[in-house]
Amino acid sequence: MDDKTMVEIEAAAFRTLRDHLMNKRPDVQNIDMMNLAGFCRNCLSRWVQEAANARGIEMSKAEARELYYGMPYEDWKAQSQTEATPEQKAAFDIAFAENVGPKETP
């Protein structure tokens, strides 16, 4: 298989994953995905941002999230996410540190 075809297949798989998470399973909470799988929708949008930036395309975190979510992140969060429990938040801190790195302090 040539490189161009492989990139097209990988892109199609990514679009299918995005569609699945956004349209077929919007009920799955980001925090649960992160706690169980070590990534979530926000990670996917960050990976889009990082790929764009690596190619010299300036893209902010907010722009990447809006591109991924199809709307401003805060709008999607308000319509799709629920408040996390203290247990979920504690597990998230561990999962985030293990899979993303230490949280930045302002």
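Now for a description of the structure that goes with this document. These figures come from a predicted structure and were not determined experimentally.

Cut-offs applied
- Residues numbered from 1 in each chain as written.
- Predicted model: local features only at pLDDT ≥ 70, side-chain atom pairs only at ≥ 80, totals over all residues.
- Heavy atoms only, no water.
- Patch = residues over 30% accessible without salt bridge, like charges linked within 9 Å, V, L, I, M, F, W, Y side chains within 5 Å.
- Areas by Shrake-Rupley, 256 points an atom, 1.4 Å probe, with all protein chains shown as cover.
- Salt bridge = Lys/Arg side-chain N within 4 Å of Asp/Glu carboxyl O.
- Helix = DSSP H or I, 4+ residues; strand = E, 2+ residues; numbered from the N terminus.
- Buried < 20%, exposed > 50% of the residue type's maximum accessible area, 1.4 Å probe, protein only.
- Axes fitted to C-alpha atoms, helices over the stretch in contact; angles between N-to-C directions.
- Left-handed = near helix turned anticlockwise from the far one by under 90°.
- Contact = heavy atoms within 4.5 Å.
- Nonpolar A, V, L, I, M, F, W, Y, C, P; charged D, E, K, R; others polar.

### A look at a nonpolar patch on the surface
Together, Met1, Met6 and Ile9 make up a nonpolar patch on the protein surface, roughly 320 Å² of accessible area in all. Its location among the elements puts isoleucine 9 in helix H1 (residues 3–24). With relative accessibility at 43%, the residue isoleucine 9 sits in the partly exposed group.

### Notes on the packing of helix H3 (residues 41–54) against helix H4 (residues 61–69)
The interhelical angle for the contact between H3 and H4, taken along N-to-C directions, is 115°, at an axis separation of 8 Å. Where H3 crosses over H4, the two elements pack in a sense that is right-handed. The residues of H4 that touch H3, namely those facing Arg41, Asn42, Leu44, Ser45, Val48 and Gln49, are Lys61, Ala64, Arg65, Leu67, Tyr68 and Tyr69. Classifying every residue of the contact of H3 with H4 by side-chain character gives six nonpolar, three polar and three charged.

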